[in-house]
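A closer look at the structure
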Amino acid sequence: MQSSEGVVSAMSQADDPGQAAEELARQLLHPYLGFVLFFCSASYDLQALGQALQQCFASVRVVGCTSAGEITAQGYGRNCITAVGFHHAHFSIATELIDQVEHFSLINAQDMVERLVGGCRSNTLAPIKGNTFALTLLDGLSSREEMVLAALSAALGDIPHFGGSAGDDNFLTHTHVYFNGVFHSGAAVVVLVNTWLDFEVFTTHHILPRSEKLVVTGADSPSRRVFELNAEPAAEEYARHIGVAVADLDHRTFAAHPLAVRIHDQYYVRAIQQVHADLSLSFYCAVENGIVLTAMKPGPILPNLETLFEGLQSRLGDLLLTIGCDCFLRRLELEDNGSLEQIGNFLRDQRVMGFNTYGEQFNGMHINQTFTGVAIARGRR
(Lines give C-alpha, C1' and ligand atoms only; values in the text may rest on other atoms or scores of the structure.)
Protein backbone atom coordinates (compact mmCIF):
# COMPACT_ATOMS: atom_id res chain seq x y z
CA MET A 1 0.00 0.00 0.00
CA GLN A 2 1.10 3.54 -0.72
CA SER A 3 -0.96 6.38 0.71
CA SER A 4 -0.88 10.14 0.41
CA GLU A 5 -3.27 13.04 0.76
CA GLY A 6 -6.39 12.29 -1.26
CA VAL A 7 -5.37 8.94 -2.77
CA VAL A 8 -4.37 5.48 -1.61
CA SER A 9 -2.75 3.02 -4.01
CA ALA A 10 -2.70 -0.75 -3.62
CA MET A 11 -1.86 -3.96 -5.41
CA SER A 12 -2.28 -7.70 -5.08
CA GLN A 13 -0.31 -10.51 -6.67
CA ALA A 14 -2.66 -13.18 -5.33
CA ASP A 15 -3.84 -15.63 -7.99
CA ASP A 16 -7.15 -16.33 -6.25
CA PRO A 17 -9.76 -13.68 -7.17
CA GLY A 18 -11.32 -13.64 -3.72
CA GLN A 19 -7.98 -13.21 -2.01
CA ALA A 20 -6.93 -10.49 -4.48
CA ALA A 21 -10.13 -8.50 -3.84
CA GLU A 22 -9.74 -8.89 -0.08
CA GLU A 23 -6.13 -7.68 -0.21
CA LEU A 24 -7.16 -4.60 -2.19
CA ALA A 25 -9.98 -3.87 0.24
CA ARG A 26 -7.67 -4.22 3.21
CA GLN A 27 -5.32 -1.64 1.68
CA LEU A 28 -7.90 0.79 0.29
CA LEU A 29 -10.96 0.89 2.53
CA HIS A 30 -11.27 3.89 4.84
CA PRO A 31 -14.25 6.03 5.96
CA TYR A 32 -13.72 8.66 3.25
CA LEU A 33 -13.16 6.37 0.27
CA GLY A 34 -15.37 7.56 -2.58
CA PHE A 35 -14.16 5.67 -5.66
CA VAL A 36 -11.78 2.90 -6.76
CA LEU A 37 -10.04 2.54 -10.13
CA PHE A 38 -8.20 -0.70 -10.94
CA PHE A 39 -6.36 -2.52 -13.72
CA CYS A 40 -5.90 -6.27 -13.71
CA SER A 41 -4.40 -9.14 -15.65
CA ALA A 42 -6.83 -11.01 -17.92
CA SER A 43 -5.51 -14.24 -16.41
CA TYR A 44 -7.94 -13.93 -13.51
CA ASP A 45 -11.29 -15.73 -13.44
CA LEU A 46 -13.05 -12.48 -14.31
CA GLN A 47 -16.52 -13.52 -13.22
CA ALA A 48 -15.22 -14.55 -9.80
CA LEU A 49 -13.08 -11.41 -9.53
CA GLY A 50 -16.00 -9.17 -10.45
CA GLN A 51 -18.20 -10.72 -7.79
CA ALA A 52 -15.42 -10.57 -5.19
CA LEU A 53 -14.74 -6.88 -5.86
CA GLN A 54 -18.42 -6.06 -5.59
CA GLN A 55 -18.64 -7.92 -2.31
CA CYS A 56 -15.50 -6.37 -0.81
CA PHE A 57 -16.34 -2.80 -1.91
CA ALA A 58 -20.11 -3.02 -1.48
CA SER A 59 -20.76 0.68 -0.81
CA VAL A 60 -17.99 2.09 -3.05
CA ARG A 61 -18.13 2.49 -6.83
CA VAL A 62 -15.41 0.50 -8.57
CA VAL A 63 -14.42 0.61 -12.26
CA GLY A 64 -11.49 -0.86 -14.15
CA CYS A 65 -10.35 -2.98 -17.05
CA THR A 66 -8.11 -5.86 -18.07
CA SER A 67 -4.58 -5.01 -19.11
CA ALA A 68 -1.54 -6.07 -21.09
CA GLY A 69 0.58 -5.48 -17.98
CA GLU A 70 0.15 -3.37 -14.88
CA ILE A 71 1.89 -0.28 -13.48
CA THR A 72 1.93 -0.57 -9.70
CA ALA A 73 3.32 1.40 -6.76
CA GLN A 74 6.37 -0.87 -7.10
CA GLY A 75 6.87 -0.36 -10.86
CA TYR A 76 5.84 -2.61 -13.73
CA GLY A 77 3.84 -5.69 -12.71
CA ARG A 78 2.52 -8.78 -14.47
CA ASN A 79 -0.36 -11.14 -13.62
CA CYS A 80 -1.52 -8.89 -10.79
CA ILE A 81 -4.08 -6.21 -9.97
CA THR A 82 -3.25 -2.58 -9.19
CA ALA A 83 -5.70 -0.02 -7.84
CA VAL A 84 -6.08 3.48 -6.47
CA GLY A 85 -8.73 4.78 -4.09
CA PHE A 86 -9.92 8.40 -4.15
CA HIS A 87 -10.90 10.49 -1.10
CA HIS A 88 -14.36 12.02 -1.55
CA ALA A 89 -13.26 15.36 -0.05
CA HIS A 90 -10.71 15.74 -2.87
CA PHE A 91 -12.54 14.15 -5.81
CA SER A 92 -16.14 14.16 -7.03
CA ILE A 93 -16.40 11.31 -9.54
CA ALA A 94 -19.26 10.18 -11.79
CA THR A 95 -19.25 7.11 -14.02
CA GLU A 96 -21.27 5.66 -16.90
CA LEU A 97 -21.16 2.48 -18.98
CA ILE A 98 -21.43 2.39 -22.77
CA ASP A 99 -22.67 -1.18 -23.06
CA GLN A 100 -22.67 -1.34 -26.87
CA VAL A 101 -19.95 0.84 -28.36
CA GLU A 102 -21.04 0.15 -31.94
CA HIS A 103 -24.35 1.98 -31.34
CA PHE A 104 -22.93 4.98 -29.46
CA SER A 105 -23.88 8.30 -31.11
CA LEU A 106 -23.32 12.01 -30.55
CA ILE A 107 -26.78 12.29 -28.98
CA ASN A 108 -25.90 9.45 -26.60
CA ALA A 109 -22.65 11.22 -25.76
CA GLN A 110 -24.35 14.54 -25.10
CA ASP A 111 -26.91 12.93 -22.79
CA MET A 112 -24.18 10.97 -20.99
CA VAL A 113 -21.94 13.98 -20.43
CA GLU A 114 -24.89 15.96 -19.10
CA ARG A 115 -25.57 13.20 -16.54
CA LEU A 116 -21.90 12.93 -15.63
CA VAL A 117 -21.54 16.67 -15.12
CA GLY A 118 -24.68 16.68 -12.98
CA GLY A 119 -23.27 13.85 -10.90
CA CYS A 120 -19.98 15.66 -10.30
CA ARG A 121 -21.68 18.99 -9.63
CA SER A 122 -23.96 17.48 -6.96
CA ASN A 123 -21.04 17.34 -4.51
CA THR A 124 -20.26 21.08 -4.96
CA LEU A 125 -16.55 20.38 -4.72
CA ALA A 126 -15.23 22.73 -7.44
CA PRO A 127 -16.59 24.47 -10.55
CA ILE A 128 -16.77 22.09 -13.49
CA LYS A 129 -14.89 24.38 -15.89
CA GLY A 130 -11.14 24.13 -15.39
CA ASN A 131 -11.42 21.56 -12.59
CA THR A 132 -12.62 18.45 -14.42
CA PHE A 133 -11.14 15.76 -16.65
CA ALA A 134 -12.52 12.62 -18.28
CA LEU A 135 -11.08 9.11 -18.40
CA THR A 136 -12.31 6.43 -20.79
CA LEU A 137 -11.57 2.71 -20.69
CA LEU A 138 -12.56 0.91 -23.91
CA ASP A 139 -12.68 -2.69 -25.06
CA GLY A 140 -9.31 -2.87 -26.82
CA LEU A 141 -10.54 -5.27 -29.52
CA SER A 142 -13.80 -3.51 -30.39
CA SER A 143 -12.33 -1.46 -33.29
CA ARG A 144 -14.79 1.28 -32.34
CA GLU A 145 -12.50 3.65 -30.43
CA GLU A 146 -12.46 6.41 -33.05
CA MET A 147 -16.24 6.54 -33.32
CA VAL A 148 -16.78 6.62 -29.55
CA LEU A 149 -14.03 9.18 -28.99
CA ALA A 150 -15.29 11.53 -31.71
CA ALA A 151 -18.75 11.62 -30.12
CA LEU A 152 -17.39 12.00 -26.59
CA SER A 153 -14.93 14.70 -27.57
CA ALA A 154 -17.67 16.78 -29.17
CA ALA A 155 -19.87 16.39 -26.09
CA LEU A 156 -17.08 17.08 -23.57
CA GLY A 157 -16.14 20.37 -25.21
CA ASP A 158 -13.20 21.91 -23.36
CA ILE A 159 -13.02 19.19 -20.68
CA PRO A 160 -9.65 17.44 -21.20
CA HIS A 161 -9.89 13.74 -21.85
CA PHE A 162 -7.57 10.73 -21.87
CA GLY A 163 -7.83 6.97 -21.59
CA GLY A 164 -6.68 3.55 -22.65
CA SER A 165 -7.92 0.48 -24.47
CA ALA A 166 -8.16 -2.66 -22.34
CA GLY A 167 -5.66 -5.45 -23.02
CA ASP A 168 -5.49 -9.18 -22.37
CA ASP A 169 -1.82 -9.95 -21.64
CA ASN A 170 -0.97 -9.80 -25.37
CA PHE A 171 -3.26 -12.69 -26.40
CA LEU A 172 -5.52 -10.47 -28.57
CA THR A 173 -8.60 -12.58 -27.87
CA HIS A 174 -10.85 -11.06 -25.16
CA THR A 175 -10.56 -7.66 -23.49
CA HIS A 176 -12.95 -6.34 -20.83
CA VAL A 177 -13.99 -3.25 -18.90
CA TYR A 178 -15.48 -3.50 -15.40
CA PHE A 179 -18.57 -1.66 -14.22
CA ASN A 180 -21.19 -2.33 -11.56
CA GLY A 181 -19.78 -5.68 -10.51
CA VAL A 182 -19.44 -7.18 -14.01
CA PHE A 183 -16.71 -7.41 -16.66
CA HIS A 184 -18.12 -6.35 -20.06
CA SER A 185 -16.85 -6.82 -23.62
CA GLY A 186 -17.84 -4.61 -26.56
CA ALA A 187 -18.23 -1.83 -23.99
CA ALA A 188 -16.58 1.26 -22.51
CA VAL A 189 -16.53 3.02 -19.16
CA VAL A 190 -16.51 6.82 -18.97
CA VAL A 191 -15.29 8.44 -15.75
CA LEU A 192 -15.66 12.17 -15.08
CA VAL A 193 -13.40 13.49 -12.31
CA ASN A 194 -13.95 16.86 -10.64
CA THR A 195 -11.30 18.05 -8.18
CA TRP A 196 -9.98 21.21 -6.54
CA LEU A 197 -6.46 19.85 -6.99
CA ASP A 198 -4.34 21.01 -9.92
CA PHE A 199 -3.89 18.51 -12.76
CA GLU A 200 -2.71 18.20 -16.35
CA VAL A 201 -3.73 15.71 -19.05
CA PHE A 202 -0.74 14.84 -21.24
CA THR A 203 0.62 12.56 -23.94
CA THR A 204 4.18 11.83 -25.01
CA HIS A 205 6.13 9.38 -27.14
CA HIS A 206 9.75 8.63 -28.00
CA ILE A 207 9.25 7.71 -31.68
CA LEU A 208 11.35 9.54 -34.28
CA PRO A 209 10.66 9.85 -38.04
CA ARG A 210 12.73 8.19 -40.75
CA SER A 211 12.70 9.16 -44.42
CA GLU A 212 10.74 6.19 -45.87
CA LYS A 213 7.05 6.65 -46.76
CA LEU A 214 4.41 3.97 -47.33
CA VAL A 215 1.08 4.88 -48.93
CA VAL A 216 -2.01 2.88 -48.07
CA THR A 217 -3.30 1.81 -51.49
CA GLY A 218 -5.77 -0.84 -50.38
CA ALA A 219 -7.62 -0.88 -47.05
CA ASP A 220 -10.86 -1.82 -45.36
CA SER A 221 -11.31 1.06 -42.92
CA PRO A 222 -14.04 -0.44 -40.66
CA SER A 223 -11.86 -3.45 -39.83
CA ARG A 224 -8.60 -1.40 -39.78
CA ARG A 225 -7.11 -3.86 -42.24
CA VAL A 226 -4.58 -2.82 -44.88
CA PHE A 227 -4.18 -5.08 -47.91
CA GLU A 228 -1.73 -2.99 -49.92
CA LEU A 229 1.09 -0.57 -49.17
CA ASN A 230 2.63 1.20 -52.19
CA ALA A 231 0.46 -1.09 -54.39
CA GLU A 232 2.21 -4.20 -53.02
CA PRO A 233 0.96 -6.82 -50.52
CA ALA A 234 1.04 -4.93 -47.23
CA ALA A 235 3.08 -7.37 -45.13
CA GLU A 236 5.65 -7.89 -47.89
CA GLU A 237 6.14 -4.17 -48.47
CA TYR A 238 6.39 -3.41 -44.75
CA ALA A 239 8.85 -6.27 -44.19
CA ARG A 240 10.97 -5.12 -47.15
CA HIS A 241 11.16 -1.59 -45.79
CA ILE A 242 12.37 -2.72 -42.37
CA GLY A 243 14.68 -5.42 -43.72
CA VAL A 244 13.14 -8.59 -42.26
CA ALA A 245 11.32 -11.62 -43.62
CA VAL A 246 7.52 -11.70 -43.48
CA ALA A 247 7.77 -14.82 -41.31
CA ASP A 248 9.66 -12.78 -38.68
CA LEU A 249 6.95 -10.14 -38.25
CA ASP A 250 5.59 -10.12 -34.70
CA HIS A 251 4.67 -7.70 -31.90
CA ARG A 252 8.29 -6.99 -31.05
CA THR A 253 9.12 -6.22 -34.67
CA PHE A 254 6.13 -3.89 -34.87
CA ALA A 255 7.28 -2.13 -31.66
CA ALA A 256 10.77 -1.63 -33.06
CA HIS A 257 9.59 -0.45 -36.50
CA PRO A 258 6.38 1.60 -36.08
CA LEU A 259 4.53 3.55 -38.73
CA ALA A 260 2.94 6.96 -38.15
CA VAL A 261 0.69 9.49 -39.79
CA ARG A 262 1.77 13.13 -39.77
CA ILE A 263 -0.84 15.70 -38.75
CA HIS A 264 0.54 19.25 -38.99
CA ASP A 265 3.97 18.94 -37.34
CA GLN A 266 3.14 15.99 -35.08
CA TYR A 267 3.50 12.28 -35.77
CA TYR A 268 0.86 9.85 -34.46
CA VAL A 269 1.75 6.17 -34.49
CA ARG A 270 -0.54 3.72 -36.26
CA ALA A 271 0.57 0.49 -34.59
CA ILE A 272 0.29 -2.83 -36.44
CA GLN A 273 -1.65 -5.52 -34.58
CA GLN A 274 -1.03 -8.65 -36.63
CA VAL A 275 -0.19 -10.21 -40.00
CA HIS A 276 -2.82 -12.31 -41.80
CA ALA A 277 -2.32 -15.29 -44.09
CA ASP A 278 -3.27 -13.16 -47.12
CA LEU A 279 -0.37 -10.80 -46.26
CA SER A 280 -2.68 -8.03 -45.06
CA LEU A 281 -1.97 -6.14 -41.84
CA SER A 282 -4.43 -5.27 -39.07
CA PHE A 283 -3.85 -2.02 -37.17
CA TYR A 284 -4.82 -0.83 -33.68
CA CYS A 285 -5.84 2.60 -35.01
CA ALA A 286 -7.84 3.94 -37.91
CA VAL A 287 -6.35 3.51 -41.39
CA GLU A 288 -7.87 4.40 -44.73
CA ASN A 289 -7.01 4.46 -48.40
CA GLY A 290 -4.64 7.22 -49.44
CA ILE A 291 -3.03 8.03 -46.11
CA VAL A 292 0.74 8.35 -46.09
CA LEU A 293 2.52 6.44 -43.35
CA THR A 294 6.02 7.47 -42.30
CA ALA A 295 8.46 4.82 -41.15
CA MET A 296 9.56 5.58 -37.58
CA LYS A 297 12.19 4.41 -35.11
CA PRO A 298 12.17 4.44 -31.31
CA GLY A 299 14.39 6.92 -29.53
CA PRO A 300 15.46 6.58 -25.87
CA ILE A 301 12.47 6.34 -23.51
CA LEU A 302 13.98 7.57 -20.24
CA PRO A 303 15.03 11.07 -21.40
CA ASN A 304 11.58 11.54 -22.91
CA LEU A 305 9.89 10.61 -19.61
CA GLU A 306 12.31 12.73 -17.57
CA THR A 307 11.49 15.76 -19.71
CA LEU A 308 7.77 15.06 -19.35
CA PHE A 309 7.83 14.85 -15.56
CA GLU A 310 10.20 17.79 -15.13
CA GLY A 311 7.71 19.88 -17.07
CA LEU A 312 4.72 18.57 -15.13
CA GLN A 313 6.40 19.27 -11.79
CA SER A 314 7.48 22.76 -12.82
CA ARG A 315 3.90 23.61 -13.82
CA LEU A 316 1.98 21.76 -11.09
CA GLY A 317 4.36 21.35 -8.17
CA ASP A 318 4.79 18.11 -6.23
CA LEU A 319 2.76 15.32 -7.84
CA LEU A 320 0.26 13.32 -5.81
CA LEU A 321 -0.56 10.72 -8.47
CA THR A 322 -0.18 10.11 -12.19
CA ILE A 323 -2.62 7.74 -13.90
CA GLY A 324 -0.72 6.37 -16.89
CA CYS A 325 -1.90 4.57 -20.02
CA ASP A 326 1.28 3.05 -21.41
CA CYS A 327 1.14 1.24 -24.77
CA PHE A 328 2.02 -2.44 -24.49
CA LEU A 329 4.37 -2.06 -27.46
CA ARG A 330 6.51 0.27 -25.34
CA ARG A 331 6.67 -2.41 -22.68
CA LEU A 332 7.74 -5.03 -25.23
CA GLU A 333 10.51 -2.68 -26.32
CA LEU A 334 11.66 -2.26 -22.71
CA GLU A 335 11.62 -6.01 -22.17
CA ASP A 336 13.70 -6.52 -25.30
CA ASN A 337 16.35 -3.93 -24.45
CA GLY A 338 16.57 -4.87 -20.78
CA SER A 339 15.39 -1.54 -19.36
CA LEU A 340 11.98 -2.59 -17.98
CA GLU A 341 13.13 -2.47 -14.36
CA GLN A 342 14.87 0.89 -14.80
CA ILE A 343 11.81 2.54 -16.36
CA GLY A 344 9.52 0.80 -13.87
CA ASN A 345 11.56 2.25 -11.00
CA PHE A 346 11.35 5.71 -12.58
CA LEU A 347 7.56 5.44 -12.88
CA ARG A 348 7.39 4.24 -9.27
CA ASP A 349 9.33 7.28 -8.11
CA GLN A 350 6.94 9.55 -10.02
CA ARG A 351 3.91 7.96 -8.26
CA VAL A 352 2.52 6.49 -11.48
CA MET A 353 -0.16 3.81 -11.47
CA GLY A 354 -1.89 2.48 -14.53
CA PHE A 355 -1.65 -0.18 -17.19
CA ASN A 356 -0.22 -1.29 -20.51
CA THR A 357 -2.85 -0.68 -23.17
CA TYR A 358 -3.88 -1.74 -26.66
CA GLY A 359 -4.22 1.95 -27.59
CA GLU A 360 -4.35 5.32 -25.89
CA GLN A 361 -6.77 8.22 -26.07
CA PHE A 362 -5.99 11.92 -25.89
CA ASN A 363 -8.59 14.67 -26.34
CA GLY A 364 -10.65 12.74 -28.86
CA MET A 365 -7.75 11.08 -30.69
CA HIS A 366 -7.03 7.35 -30.66
CA ILE A 367 -3.25 6.89 -30.71
CA ASN A 368 -0.61 4.18 -30.26
CA GLN A 369 2.84 3.66 -28.75
CA THR A 370 2.46 6.59 -26.34
CA PHE A 371 2.51 7.25 -22.62
CA THR A 372 -0.71 9.19 -21.97
CA GLY A 373 -2.43 10.14 -18.75
CA VAL A 374 -3.18 12.71 -16.10
CA ALA A 375 -0.82 14.11 -13.46
CA ILE A 376 -2.51 15.33 -10.27
CA ALA A 377 -0.69 17.68 -7.90
CA ARG A 378 -0.82 17.86 -4.12
CA GLY A 379 -2.41 21.28 -4.36
CA ARG A 380 -1.04 24.74 -3.82
CA ARG A 381 -4.34 26.54 -3.35
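Conventions adopted
- Residues numbered from 1 in each chain as written.
- Predicted model: local features only at pLDDT ≥ 70, side-chain atom pairs only at ≥ 80, totals over all residues.
- Heavy atoms only, no water.
- Pairing = 2+ DSSP bridges.
- Helix = DSSP H or I, 4+ residues; strand = E, 2+ residues; numbered from the N terminus.
- Axes fitted to C-alpha atoms, helices over the stretch in contact; angles between N-to-C directions.
- Disulfide = S-S within 2.5 Å.
- Buried < 20%, exposed > 50% of the residue type's maximum accessible area, 1.4 Å probe, protein only.
- UniProt positions renumbered as here; feature names shortened; annotations may be inferred.
- 1 Å grid on protein atoms, 1.4 Å probe; cavity = no way out; pocket = protein on both sides within 12 Å on 5 of 7 lines; lining within 4 Å.
- Points joined across faces, edges and corners; volume = space filled by probe spheres on them.
- Nonpolar A, V, L, I, M, F, W, Y, C, P; charged D, E, K, R; others polar.
- Core = buried A, V, L, I, M, F, W, Y, C linked by side-chain atoms within 4.5 Å.
- Contact = heavy atoms within 4.5 Å.
- Expected span 1.5 Å × (residues − 1).
- Salt bridge = Lys/Arg side-chain N within 4 Å of Asp/Glu carboxyl O.
- Arc of directions from axis to C-beta.
- Polar contact = N/O pair within 3.5 Å; in protein donor to acceptor, adjacent residues only side chain to side chain.

Before going further, it helps to examine the sheet that holds strand S14 (residues 199-204). Spatially, S6-S5-S24-S23-S27-S14 is the arrangement adopted by the six strands of the open sheet, whose pairing is mixed. The sheet is open, and its two borders are formed by strand S6 (75-77) and S14, each paired with just one other strand. With direction set aside, neighbouring strand axes in the sheet form an average angle of 15°. Sheet analysis places strand S5 (residues 70-72) next to S6, joined by three bridges and oriented antiparallel.

Attention shifts here to the state of the cysteines. Tallied over the full model, the rule gives zero disulfides. Between Cys 40, a free cysteine, and Cys 65, which holds the nearest cysteine sulfur, the sulfur-to-sulfur gap is 7.6 Å. The class of Cys 40 is buried, set by a relative accessible area of 0%. No disulfide involves Cys 56; its sulfur sits 14 Å from that of Cys 40, the nearest cysteine. According to the relative accessible area criterion, Cys 56 is partly exposed, its value standing at 22%.

The next point concerns the environment of Leu 53. Looking at the secondary structure, you find Leu 53 in helix H2 (residues 46-56). Sequence separation between Leu 53 and Gly 181 is 128 residues; the distance between their C-alpha atoms is 7.0 Å.

What UniProt calls "domain: FIST C-domain" (unreviewed entry) maps, in this numbering, to residues 234-364. Secondary structure content for residues 234-364 is 39% helix and 31% strand, and the end C-alpha separation is 28 Å.

A word on empty space enclosed by the protein. For the structure on display, the rule yields three cavities of 30 Å³ or more. Together, Arg 210, Leu 214, Tyr 238, His 241, Ile 242, His 257, Pro 258, Leu 259, Ala 295 and Met 296 line the second largest cavity. Taken together, the elements giving at least two residues each to the lining of the second largest cavity come down to strand S15 (207-220), helix H5 (234-242) and strand S22 (292-298). The biggest single contributor to the lining of the second largest cavity is H5, with three residues. Among the residues forming the lining of the second largest cavity, the class breakdown is seven nonpolar, two polar and one charged.

This next bit is on the layout of surface pockets. For the largest pocket, the calculated volume is near 170 Å³. What lines the largest pocket is a set of 13 residues, and nearest its centre among them are Val 60, Arg 61, Val 62, Asn 180 and Gly 181. Elements supplying a minimum of two residues to the lining of the largest pocket: H2, strand S4 (61-67) and strand S11 (177-179). Ranked by residues supplied to the lining of the largest pocket, first place goes to S4 with three residues. Of the residues contributing to the lining of the largest pocket, the split by class is eight nonpolar, four polar and one charged.

We now examine the nonpolar core. A general feature of soluble globular proteins is that nonpolar side chains tend to end up buried together. Counting residues in each nonpolar core, the largest one holds 36 residues, and the members touching the most others are Leu 37, Phe 86, Leu 321 and Ile 376. With residues near it in sequence (within four places) discarded, Leu 321 still touches Val 7, Val 84, Phe 86, Arg 351, Met 353, Val 374, Ala 375 and Ile 376. Of all hydrophobic cores here, the second largest spans 24 residues; its members include Ala 52, Val 62, Ala 83 and Phe 183.

To continue, consider the UniProt feature "domain: FIST" (unreviewed entry) in the chain. Taken from the UniProt record, the annotation "domain: FIST" (unreviewed entry) applies to residues 31-233. Its end C-alpha atoms 60 Å apart, residues 31-233 is made of 19% helix and 44% strand.

Under the 1.5 Å per step criterion, the end-to-end length of helix H7 (residues 301-316) is 22 Å for 16 residues, consistent within 8% with the ideal 22 Å. Burial in H7 covers these residues: Ile 301, Leu 302, Asn 304, Leu 305, Leu 308, Phe 309, Gly 311, Leu 312 and Leu 316. Those residues of H7 that are buried are in contact with S14, strand S23 (319-327), helix H8 (328-337), helix H9 (340-349), strand S24 (352-357) and strand S27 (371-377). Just downstream of H7 lies Gly 317, where phi reads positive at about 95°.

Another point: the sheet that holds strand S10 (residues 161-165). Ordered in space as S8-S13-S9-S10-S25-S26, the six strands form an open sheet in which the pairing is mixed. With partners counted over all chains shown, the strands left at the sheet margins are strand S8 (91-98) and strand S26 (365-367), one partner each. Here the average twist between neighbouring strands, direction ignored, is 20°. Bridging between S10 and strand S25 (residues 360-362) involves three bridges; their strand directions are antiparallel.

It is worth spelling out the pattern of salt bridges at this point. Across all of its chains, the model carries 16 salt bridges by this definition. With a shortest N-O distance of 2.8 Å, Arg 315 and Glu 200 are connected by a salt bridge. With Arg 315 in helix H7 and Glu 200 in strand S14, this pair connects stretches of sequence that are 115 residues apart. For Arg 315, a relative accessible area of 44% corresponds to the partly exposed category.

Let us now look at the environment of Ser 59. Considering the arrangement of structural elements, one finds Ser 59 in the loop between H2 and S4. Sequence separation of Ser 59 and Leu 33 is 26 residues, and the distance between their C-alpha atoms is 9.6 Å.

With that out of the way, let us pick up H2. Those residues of H2 not exposed but buried are Leu 46, Leu 49, Gly 50, Ala 52 and Leu 53. When H2 is viewed along its axis, its buried side chains cluster within an angular range of 165° and face the same direction. Among the exposed residues of H2, those oriented more than 90 degrees off its buried face are Gln 47 and Gln 55. In this structure, the buried side of H2 is in contact with helix H1 (17-28), strand S3 (33-41), S4, strand S7 (81-87), S11 and strand S12 (182-184). One side-chain oxygen of the residue at the start of H2 lies 3.3 Å from the amide nitrogen of Gln 47, identifying that residue as Asp 45.

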